[in-house]
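Chain by chain, the residues run as shown.
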Amino acid sequence: MSSEEKTYFTTPVVDIYLENHEEHQAKDEEEMRRMMDFVSWIRSDATAAERRQLALVLLVWGREKAAAWAWQHLELPGEPPSTTTPLLSSPELLCAVTSWDDTQGFLTWNVGRVLARAGKFAAARGLFEQALQRQPQPSTPVLTPGLAVLRAHTDQSFAAVLIELARENPALRAAAAVAALESLKSMEALNMSQPDIADACSNAGAAQAGCEQLAEAEALFMRALQINEALNTRGRLDKNTIIALNNLGCVLVMQGKLGAAGGARAKLEDALARVLSVQAALAGTRTHAVVLDTMGLLLDAEGKTLDAVTSYEASLAMKKKALGPEHPSTTATKQRLESLKLKGAQK
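Note that this is a predicted model, so its numbers are computed, not measured. (Residues numbered from 1 in each chain as written. Predicted model: local features only at pLDDT ≥ 70, side-chain atom pairs only at ≥ 80, totals over all residues. Heavy atoms only, no water.)

### Focus on the packing of helix H12 (residues 214-232) against helix H13 (residues 239-254)
Running from N to C, H12 and H13 point in directions that differ by 160°, and their axes come no closer than 9 Å. Classified by the interaxial angle, the pair formed by H12 and H13 is roughly antiparallel. H12 and H13 meet at a crossing whose hand is left-handed. Where H12 approaches H13, its residues Leu-214, Ala-217, Glu-218, Phe-221, Met-222, Ala-224, Leu-225, Asn-228, Glu-229 and Asn-232 are matched on the opposing element by Asn-240, Thr-241, Ala-244, Leu-245, Asn-247, Leu-248, Val-251, Leu-252 and Met-254. Class assignment for the residues of the contact of H12 with H13 results in 12 nonpolar, 5 polar and 2 charged. (Axes fitted to C-alpha atoms, helices over the stretch in contact; angles between N-to-C directions. Helix = DSSP H or I, 4+ residues; strand = E, 2+ residues; numbered from the N terminus. Parallel < 35°, antiparallel > 145°, perpendicular 65-115°, else oblique. Left-handed = near helix turned anticlockwise from the far one by under 90°. Contact = heavy atoms within 4.5 Å. Nonpolar A, V, L, I, M, F, W, Y, C, P; charged D, E, K, R; others polar.)

### Section: the environment of Glu-164
When you line up the elements, Glu-164 lands in helix H9 (residues 145-166). Distance in space between the C-alpha atoms of Glu-164 and Ala-207 is 9.3 Å, their sequence separation being 43 residues. At 2.9 Å, the side chain of Glu-164 and the side chain of Arg-167 are in polar contact. (Polar contact = N/O pair within 3.5 Å; in protein donor to acceptor, adjacent residues only side chain to side chain.)

### Focus on the pattern of salt bridges
As enumerated under the stated definition, the model contains 14 salt bridges in all. Between Glu-164 and Arg-167 there is a salt bridge whose closest N-O contact spans 2.9 Å. Given a relative accessible area of 26%, Arg-167 falls into the partly exposed group. In this structure, the salt-bridge partner of Arg-265 is Glu-269, at a minimum N-O distance of 2.9 Å. One end of the pair is Arg-265 and the other is Glu-269, both in helix H14 (residues 264-275) and 4 residues apart, which spans about a single turn. Members of the salt-bridge network, linked through shared partners, are Arg-265, Glu-269, Glu-302 and Lys-304. (Salt bridge = Lys/Arg side-chain N within 4 Å of Asp/Glu carboxyl O. Buried < 20%, exposed > 50% of the residue type's maximum accessible area, 1.4 Å probe, protein only.)

### Notes on the environment of Ala-148
Here Ala-148 shows up in helix H9. Expressed as a C-alpha distance, the spacing of Ala-148 and Pro-136, which sit 12 residues apart in the sequence, is 8.4 Å.

### A few points about the packing of H14 against helix H15 (residues 286-301)
Angle between the axes and distance between the axes are the two parameters that describe a pair of packed helices. Two elements in contact, H14 and H15, have axes whose closest approach is 10 Å; the angle formed by their N-to-C orientations is 155°. By the angle between their directions, the pair H14 and H15 is classed as roughly antiparallel. Read as a crossing pair, H14 and H15 show a hand that is left-handed. Taken together, the residues of H15 that come into contact with H14 (itself represented by Ala-264, Arg-265, Leu-268, Glu-269, Ala-271, Leu-272 and Val-275) are His-288, Val-291, Leu-292, Thr-294, Met-295, Leu-298 and Leu-299. Looking at the contact of H14 with H15 residue by residue, the class counts come to 10 nonpolar, 2 polar and 2 charged.

What follows is the structure, encoded as structure tokens:
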């Protein structure tokens, strides 16, 4: 496989905000707990204006119940706004709020995440850069624990969009690799949560694979998988394990490790089985589509072009529904499918 061919790594920092509405609804309780944890540290560091922005950010992500909870918990005056607030109706309008008193870059970072969710990676990159400029450097003596965590999350988001942009622009691959590895080191130094470390490993693995450092990528993806499998024993949702299996399967395909024990086929078949399990409830979602993309990559490598076409066709239909026909991920699958059909016709 040439370095110019697309691969289908899932970068979790972006992917977690690319889920469709049904996936979000299925995870209300988990998301609520995460938002409450987020509030616990911003509460001590944020100004009154930034506290109000936190509640608005919750609305940005469609977490209306969490926003109402935050509004009350942070002792903000008046009634919380609803999701019908015109300012929150689109990423373009959201960009206007970056002129607010956002000295810590918290709102700017979240607006960037909204743009990344919409597949507008170049615009997201610009906002993440703005957020990083507003946040203190990691070496700053006044950096509080809350701001250190915010900085680390912003670094991770920035690395993720560089990885996405590097798919189309090879000149960004080295920068993406540096940013992703620095993000991982930062999160390790802060002793951040295992899910955060797993996501950072996945991003660093994707960046290393983009630079054709496949052994390094495999090791990072394996670490992400091991972390997520350990978390699953404590009842965590299986989606991140599926992503980790997909990423590892993809880099194994790139190395020609296809059907042997522990090879790509075993990983991808495991991922698909988990997607289709009743507990995962991920059938037909973007996660399902991404695994089908990688399965198509494997089938093509095995010389099964027609089967690969079928896999990509199923993925494309799912992505059109979940992300829309113009999303970069949808476009990438469409291009790969067209290439395979042409290849099949020439045989």
